[in-house]
Number of protein chains: 2
Amino acid sequence: MELDTDKEIIAKIKQNAERLVKDIEATIDPSITLPLRSFSNVHFDSKLGYLFLGDKRTSRNFLNIAHTRKFMQSMMIAEKCKELLEMGKSASIRELYYELKHTIPGTKENTFEGQTESDPLIEDLETMLDSLREHLHLKADSKGNLFGEIVIKDMGDLIDCSKLGKSGLSIPSIVDDYEFVSCNAKYILVVETKAMVDRLVEEKFHIKNHAILIGLGGQAARGARRLIHIMHERLKLPVYTYTDGDPWGYYIHSVVKTGSVNLAYESRRLATPSAKFIGMTMADIETYGLQKVTEKLKDVDKTRAKQLLKYEWFKTKEWTKEITTMIEKGVRIEQQALASKSLDFVANEYLPKKIAAQDFIE
Amino acid sequence: MELDTDKEIIAKIKQNAERLVKDIEATIDPSITLPLRSFSNVHFDSKLGYLFLGDKRTSRNFLNIAHTRKFMQSMMIAEKCKELLEMGKSASIRELYYELKHTIPGTKENTFEGQTESDPLIEDLETMLDSLREHLHLKADSKGNLFGEIVIKDMGDLIDCSKLGKSGLSIPSIVDDYEFVSCNAKYILVVETKAMVDRLVEEKFHIKNHAILIGLGGQAARGARRLIHIMHERLKLPVYTYTDGDPWGYYIHSVVKTGSVNLAYESRRLATPSAKFIGMTMADIETYGLQKVTEKLKDVDKTRAKQLLKYEWFKTKEWTKEITTMIEKGVRIEQQALASKSLDFVANEYLPKKIAAQDFIE
């Protein structure tokens with residue numbers, strides 16, 4: 001789904017501010033009402049296929065002394081975002097904190113004592129305005145890279161992502177303004193580790209298979225999630241995720257597919273519900289004779305695996321079987337374990353065969 | 001300094017192997033001799049300006065039962081690297097581990113039990129052959145991005161790094177084969193955080209100032225360090241580092257400039273001794289009125305600062321003063337704290353003025 005324009009967001013901020021001014025003029029205690037963002041209010045919509053926030057709401061009143069500081073801080077953040085939007089600039093959430101931090105004149109009170117005070121209020125503002133922080137012109141940390149037969153227009157530059165050698169495009173935090181000028185790819189392959197993307201690039205997998213490769217470098221950053229979402233939506237390309245066969249890898253898949261618990265309110269703009277999981281799977285261990293290159297599950301892995309079983313969106317027959325098998329076997333299997341067959345096995349056998357046979361976990 | 005060619009490395013590996021075979025045929029206990037890589041053997045060459053390993057050596061004998069396993073493993077790694085070089089392929093150090101891991105026929109013994117066994121032996125091989133792992137066709141994790149007026153030829157692709165929008169080039173692990181086709185930049189600015197690079201790119205700093213921007217994303221990865229080294233060497237560009245004003249930032253500078261303790265044996269190929277430190281400095285706090293946006297030093301910061309004071313390469317007048325002042329003030333100052341002045345302050349005031357005045361710590 002597309003975002004509001006800058007003008008629309010500015011209008012929303014003004015609207016909210018004017019409502020508060022009216023309340024003050026009418027000597028009514030000004031207040032903000034927000035969706036509750038705790039786990040108890042996170043739900044999974046099995047039809048739409050992503051996480052969302054339920055109906056529980058919380059309010060913040062200026063005249064409630066426990067809320068007053070946060071109320072002031074929220075106003076400051078909203079004002080600064082409006083300024084950024086008007087100037088056509090963007091700021092990192094750390095810069096925003098430093099921009100707003102000062103001592104209130106005539107007092108010894110600082111507006112903010114740490115970024116831990118401003119970060120949650122940014123999330124408040126996102127839910128209040130029903131907008132992504134990226135569209136409030138705030139940047140999260142960027143991570144990940146991209147290769148493939150797609151030409152992207154970014155800040156006026158035409159970038160042919162099939163002509164970036166083994167280096168690839170660094171995925172920024174804000175990708176909404178990317179224009180996809182042309183695309184010759186057939187699907188998007190999202191890969192957990194950058195080292196595996198290096199392998200696939202060295203084997204020219206992306207060229208031979210007309211694939212767009214996205215390397216996450218671990219858990220998916222917001223920029224990468226949003227990019228996968230808009231590429232899928234605008235280019236109508238299927239999305240396959242390829243991670244390690246362990247609870248952490250499975251959760252990375254689920255974050256790309258259904259959204260994360262922490263950012264449940266943004267799933268519909270960050271998640272790609274049709275994403276399919278390629279591997280590594282427990283069945284791969286038998287199929288490809290990888291018994292000697294598994295790793296033992298640590299306690300922390302087992303605990304995490306048991307948590308996954310409790311999440312609504314993992315309660316399908318296939319995922320329950322997959323995770324239960326993992327716990328029973330007591331092992332995990334990494335992407336790079338396929339190197340025990342041969343370096344090019346993943347590129348020339350494993351992935352092409354799985355994709356041709358559509359052998360996925362949904 | 002340039003590296004040996006693939007052929008030369010292959011010849012070195014063969015030479016070593018043939019020597020061992022001769023020893024065996026002559027019923028001499030085959031052995032390998034290596035420079036000792038512990039801190040006690042790490043020295044700073046103040047003339048050359050980088051770290052190096054001293055004369056202490058250690059040897060590994062096949063018939064010493066405590067060495068036998070490692071001896072076998074070293075041979076396996078050398079053999080695999082030779083194979084990679086001959087095939088013109090490269091592998092991540094994790095792939096190498098998986099490629100070599102198997103059960104020795106007729107026994108229950110595995111060749112390797114974990115990557116912790118193979119990684120140090122790769123370092124052994126590097127020192128033994130006096131070669132970078134990248135030139136043994138082994139890849140470390142990649143990190144960092146690049147922007148600027150330089151055209152790089154990589155795997156046959158011509159990449160104009162001034163035409164990559166706000167995305168930038170993702171810096172790979174192996175950069176030795178980069179060809180610098182043309183360059184209009186006047187210096188290389190190495191920046192600790194990616195968010196600060198985003199800021200500078202948004203302000204078009206790299207275009208206005210003809211700068212190559214390198215974002216490290218924290219501690220400098222080997223690929224980024226090698227890239228800075230070869231760009232400096234081949235393009236004769238000055239290198240300026242810009243980090244947070246804290247012991248971690250100062251150490252990042254010193255790793256770029258003089259090398260790291262862990263990889264002391266590779267400093268001459270990874271370090272850039274002429275690199276100059278721009279900031280953040282303790283003096284900046286007064287000069288720019290940043291007292292309200294400093295952060296208190298934690299115990300772990302203080303401990304690290306005191307460690308730095310003991311390192312030979314920090315024992316200059318300027319660095320001693322800088323670090324001592326930090327400990328006395330008990331504060332650190334981040335790059336992004338300059339946002340408290342205004343978002344574009346760093347790009348339009350702070351950096352250009354410091355560079356024009358050559359106001360650096362060496």
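Residues numbered from 1 in each chain as written. Chains lettered and ligands numbered in written order. Predicted model: local features only at pLDDT ≥ 70, side-chain atom pairs only at ≥ 80, totals over all residues. Heavy atoms only, no water.

Student: Explain the sheet that holds strand 8 (residues 150-154) of chain B to me, using residue names and the numbers behind them.
Tutor: Residues and elements named next belong to chain B. Strands sit in the order 9-8-11 across an open sheet of three strands; the sheet is antiparallel. Strand pairing shows two members of the sheet lacking a second neighbour, strand 9 (157-160) and strand 11 (179-183), which therefore form its edges. Neighbour-to-neighbour, the strand axes of this sheet turn through a mean angle of 20°, independent of strand direction. Sheet topology places strand 8 next to strand 11; four bridges connect them, and they run antiparallel. Bridge assignment links I150 to a residue of strand 11, and that residue is C183. (Pairing = 2+ DSSP bridges. Helix = DSSP H or I, 4+ residues; strand = E, 2+ residues; numbered from the N terminus. Axes fitted to C-alpha atoms, helices over the stretch in contact; angles between N-to-C directions.)

Student: How would you sum up the relation of the copies chain B and chain A? Please name residues and give values.
Tutor: Mapping chain B onto chain A calls for a rotation angle of 180° and an axial translation of 0.0 Å; the resulting RMSD is 0.0 Å. The transformation just described matches what one would write down for a two-fold rotation axis. (Least-squares fit on C-alpha atoms with pLDDT ≥ 70 in both.)

Student: Residue-level account of the interface of chain B and chain A, with values.
Tutor: At the junction of the two partners, chain B supplies 54 residues and chain A supplies 53 residues. Both faces considered, chain B and chain A share a buried interface measuring about 4,700 Å² in area, 45% of it formed by carbon and sulfur atoms. Counting every contact that joins chain B to chain A gives 14 salt bridges. With a shortest N-O distance of 3.8 Å, R94 of chain A and E295 of chain B are connected by a salt bridge. Applying the counting criterion to the chain B and chain A interface returns 38 residue pairs in polar contact (both at pLDDT 80 or more). (Contact = heavy atoms within 4.5 Å. Buried area = accessible area lost by both parts, 1.4 Å probe. Salt bridge = Lys/Arg side-chain N within 4 Å of Asp/Glu carboxyl O. Polar contact = N/O pair within 3.5 Å; in protein donor to acceptor, adjacent residues only side chain to side chain.)

Student: I'd like to hear about the packing of helix 3 (residues 93-100) of chain B against helix 4 (residues 115-129) of chain B, residue by residue, with values.
Tutor: Helix-helix packing is described using two parameters, namely the angle between the two axes and the distance between the axes. Residue and element names in this part refer to chain B. Close contact between helix 3 and helix 4 brings their axes to 10 Å; oriented N to C, the two are set at 115°. Along this stretch, helix 3 crosses helix 4, giving a crossing that reads as right-handed. Contact with helix 3, carried on its side by I93, R94, L96 and Y97, involves Q115, S118, D119 and I122 of helix 4 and no other residues of that element. Residue composition of the contact of helix 3 with helix 4, grouped by class: four nonpolar, two polar and two charged. (Left-handed = near helix turned anticlockwise from the far one by under 90°. Nonpolar A, V, L, I, M, F, W, Y, C, P; charged D, E, K, R; others polar.)

Student: Kindly report on the pairing of strand 9 of chain B, identifying the contributing residues and their values.
Tutor: Residue and element names in this part refer to chain B. On strand 9, burial follows the alternation: D157 and I159 on one face are buried, whereas L158 and D160 on the facing-out side are not. Here strand 8 pairs with strand 9 via four bridges, running antiparallel. Bridged to I152 within strand 9 is I159. A loop of two residues connects strand 8 with strand 9, the two strands running antiparallel in sequence, and M155 in this loop sits at a positive phi of about 55°. (Buried < 20%, exposed > 50% of the residue type's maximum accessible area, 1.4 Å probe, protein only.)

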